[in-house]
Amino acid sequence: MKCDEAMRRLLEHDNAPGYPLPLRLHLRRCAHCRAEEARLRAALEELKAVALSPRDMDISDAVMAGIERLESYRRDVPMYNWIGGGLAILGGIVLISFSDSFAWLRGSFGGDFEVPLSIVLGIVITLYASAFIATHLDMAESWMAKRRG
Amino acid sequence: MSEKGAEALADERIVTLVLRGRTDLFRELVKRHQRRVHYMGMRFFRNDDDARDFAQEVFMKAYTALGSFRGESRFVTWLLRIGFNHAANRRRASHDTAGVEEDYPESRYPGPEALSLRAETAEAVSRALASLPGKYRICVDFFFFMGLSYGEISDITGFPVNTIKSHVFRAKGMLRDALRGSAAEEYHEM
């Protein structure tokens, strides 16, 4: 390998330890390229070492406090309450057709009450689902990300 | 396991434990990567207060989205991608610019000159950054200052690997030219 080709490969090299074998062999026998490589590597190491923010900065307490607030908010309404609420709504929808009120409504209005009743039930289910999703946005995002693959 | 014991664990293992309920271990991830995220904030917002706010927001976003981390890339790459997207959205929302993709800040913070770099290194990096179109400056920045690979930079920014490679190649060439004939050359040839 000639020096030009070695330099090209050196400049193309990714931020990973170790060079390809042909480049290593060239560097072993060419003092000029070896010196160039050493200079460049030293400069790049220098950049990485000095660029990051101060070592004494620490935001971990603030982040953990934020997480604690988030978790306590979630704990306020545990999942079994959500499931219980959902089952109660579903049970209500199923059982309403067996109730006296339902029989009275049917007797008084015939089939005319079914549309407004469906609208009311739809609104109840939508409100429940909206409240659940709004308080579990992170779970919803993860779920959608997984579905997107 | 205590938070102290988490120091020996890989990022990906900590993520698994956090998802299983060991929320306290997330602190270890924050401690490991906060400087990088803060540095990214400094590059985009150019002041410490905004950079700290930005870093906290990024970690909170990462925490809430942790379930979507599937280990296909390193945790830090995934985290910086969240940071990059968040920075782009914040800048768009504040009408600062058309967005990160259009105009990555030219002036470095804290500036190569202020980083106690050798003069030739600082000058070469400044020139290399200034010579690039705004949206590609971040590639050189991520490569030189954060030590990320071409693939990782591509994952974070969405730019093609070959584009990143060619810009880094050019910047490295400028750095090499600047180092030629410098005091550093004499030192290395001794």
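**Student:** Kindly report on the overall build of chain B, identifying the contributing residues and their values.
**Tutor:** Of the regular secondary structure elements, chain B holds nine helices and zero strands. Taken from N to C terminus, the helices and strands of chain B fall in the order α-α-α-α-α-α-α-α-α. Expressed as a percentage of contacts within chain B between residues at least 6 apart in sequence, the contacts between residues at least 24 apart total 58%. Element-wise, carbon and sulfur atoms account for 47% of the exposed surface of chain B, whose accessible area totals about 8,100 Å².

**Student:** Any details on the overall build of chain A? Residues and values, ideally.
**Tutor:** Secondary structure summary: chain A contains eight helices and zero strands in total. Listing each helix as α and each strand as β along chain A from the N terminus yields α-α-α-α-α-α-α-α. Here chain A holds 149 residues, and 26% of them are scored as buried. In chain A, once contacts between residues fewer than 6 apart in sequence are set aside, the share between residues at least 24 apart is 51%. Element-wise, carbon and sulfur atoms account for 64% of the exposed surface of chain A, whose accessible area totals about 9,800 Å².

**Student:** Residues and numbers for helix H2 (residues 26-45) of chain B, please.
**Tutor:** When the local axis directions of H2 of chain B are compared, the greatest deviation, roughly 55°, occurs at His-33 of chain B. Most of H2 of chain B sits inside the fold, with 18 of its 20 residues counted as buried.

**Student:** Explain the nonpolar core to me, using residue names and the numbers behind them.
**Tutor:** Counting residues in each nonpolar core, the largest one holds 75 residues, and the members touching the most others are Phe-26, Phe-144 and Leu-175 of chain B. A per-element tally of this core places helix H6 (residues 134-146) of chain B first, with nine residues. Beyond its immediate chain neighbours, meaning those up to four positions away, Phe-144 of chain B contacts Leu-44, Leu-47 and Lys-48 of chain A together with Val-125, Val-168, Ala-171, Lys-172 and Leu-175 of chain B.

**Student:** So, the packing of H2 of chain B against helix H3 (residues 48-64) of chain B: which residues are in play, and what are the values?
**Tutor:** Residues and elements named next belong to chain B. The interhelical angle for the contact between H2 and H3, taken along N-to-C directions, is 135°, at an axis separation of 8 Å. Classified by the interaxial angle, the pair formed by H2 and H3 is oblique. In this structure, H2 crosses over H3, and the sense of that crossing is right-handed. For the pair formed by H2 and H3, the contact residues are Phe-26, Leu-29, Val-30, His-33, Gln-34, Val-37, His-38, Met-40, Gly-41, Met-42 and Phe-45 on the first element and Asp-48, Asp-50, Ala-51, Arg-52, Phe-54, Ala-55, Val-58, Phe-59, Ala-62 and Tyr-63 on the second.

**Student:** Which residues make up the environment of Leu-148 of chain B, and what are the values?
**Tutor:** Summarising the element assignment, Leu-148 of chain B is placed in the loop between H6 and helix H7 (150-157). The class of Leu-148 of chain B is buried, set by a relative accessible area of 0%. Residues Leu-148 of chain B and Thr-77 of chain B, 71 residues apart in the sequence, show an inter-C-alpha distance of 8.4 Å. In this view, Leu-148 of chain B contacts Asp-14 and Asn-15 of chain A together with Arg-36, Arg-74, Leu-80, Phe-142, Phe-143, Ile-153 and Ile-156 of chain B; residues no more than four positions away in its chain are not counted.

**Student:** Describe the pattern of salt bridges, with residues and values.
**Tutor:** Enumeration according to the criterion identifies 17 salt bridges over all chains in this entry. Here Arg-39 of chain A makes a salt bridge to Glu-36 of chain A, at a shortest N to O gap of 3.8 Å. With Arg-39 of chain A and Glu-36 of chain A both in helix H3 (residues 31-51), this residue pair falls three residues apart, about one helical turn. Two residues, Asp-24 of chain B and Arg-22 of chain B, come together in a salt bridge whose shortest N-O distance is 2.8 Å. Take Asp-24 of chain B: its relative accessible area is 26%, and that puts it in the partly exposed class. The class of Arg-22 of chain B is partly exposed, set by a relative accessible area of 25%.

**Student:** Any chance you could break down the packing of aromatic side chains for me, citing the residues and the numbers?
**Tutor:** Residues and elements named next belong to chain B. Counted under the stated rule, the structure contains 13 aromatic pairs over all chains. Geometrically, the ring pair formed by Tyr-39 and Phe-145 is tilted, given 6.2 Å between the ring centres and 35° between the ring planes. Of this pair, Tyr-39 sits in helix H2 while Phe-145 sits in helix H6, placing them 106 residues apart in sequence. Judged by its relative accessible area of 1%, Tyr-39 is buried. For Phe-145, a relative accessible area of 1% puts it in the buried group. What links up through ring pairs into an aromatic cluster is the set Phe-44, Phe-45, Phe-54 and Phe-84. In this structure, Arg-90 is placed above the aromatic ring of Phe-45, and the distance from its NZ or CZ to the ring centre is 4.6 Å.

**Student:** So what's going on with the side chain of Asp-11 of chain B? Residues and values would help.
**Tutor:** All names here are of chain B. Considering the arrangement of structural elements, one finds Asp-11 in helix H1 (residues 11-19). When its relative accessible area of 13% is taken as the criterion, Asp-11 is described as buried. Of note is the side chain of Asp-11, whose polar atom sits 2.6 Å from the side chain of Arg-32. Beyond its immediate sequence surroundings of up to four residues, Asp-11 is in contact with Leu-29, Arg-32, His-33 and Phe-75.

**Student:** I'd like to hear about the state of the cysteines, residue by residue, with values.
**Tutor:** Residues and elements named next belong to chain A. Tallied over the full model, the rule gives zero disulfides over all chains. Looking at the unpaired Cys-30, the closest cysteine sulfur is the one in Cys-33, lying at 3.5 Å. Taking relative accessible area as the criterion, Cys-30 reaches 11% and is therefore assigned buried.

Parameters at a glance
Residues numbered from 1 in each chain as written. Chains lettered and ligands numbered in written order. Predicted model: local features only at pLDDT ≥ 70, side-chain atom pairs only at ≥ 80, totals over all residues. Heavy atoms only, no water. Helix = DSSP H or I, 4+ residues; strand = E, 2+ residues; numbered from the N terminus. Contact = heavy atoms within 4.5 Å. Areas by Shrake-Rupley, 256 points an atom, 1.4 Å probe, with all protein chains shown as cover. Buried < 20%, exposed > 50% of the residue type's maximum accessible area, 1.4 Å probe, protein only. Bend = angle between axes of the 7 residues up to and from the residue. Core = buried A, V, L, I, M, F, W, Y, C linked by side-chain atoms within 4.5 Å. Axes fitted to C-alpha atoms, helices over the stretch in contact; angles between N-to-C directions. Parallel < 35°, antiparallel > 145°, perpendicular 65-115°, else oblique. Left-handed = near helix turned anticlockwise from the far one by under 90°. Salt bridge = Lys/Arg side-chain N within 4 Å of Asp/Glu carboxyl O. Phe/Tyr/Trp six-rings, centres within 6.5 Å; stacked < 30°, edge-to-face > 60°. Lys NZ or Arg CZ within 6 Å of the ring centre and 35° of its normal. Polar contact = N/O pair within 3.5 Å; in protein donor to acceptor, adjacent residues only side chain to side chain. Disulfide = S-S within 2.5 Å.

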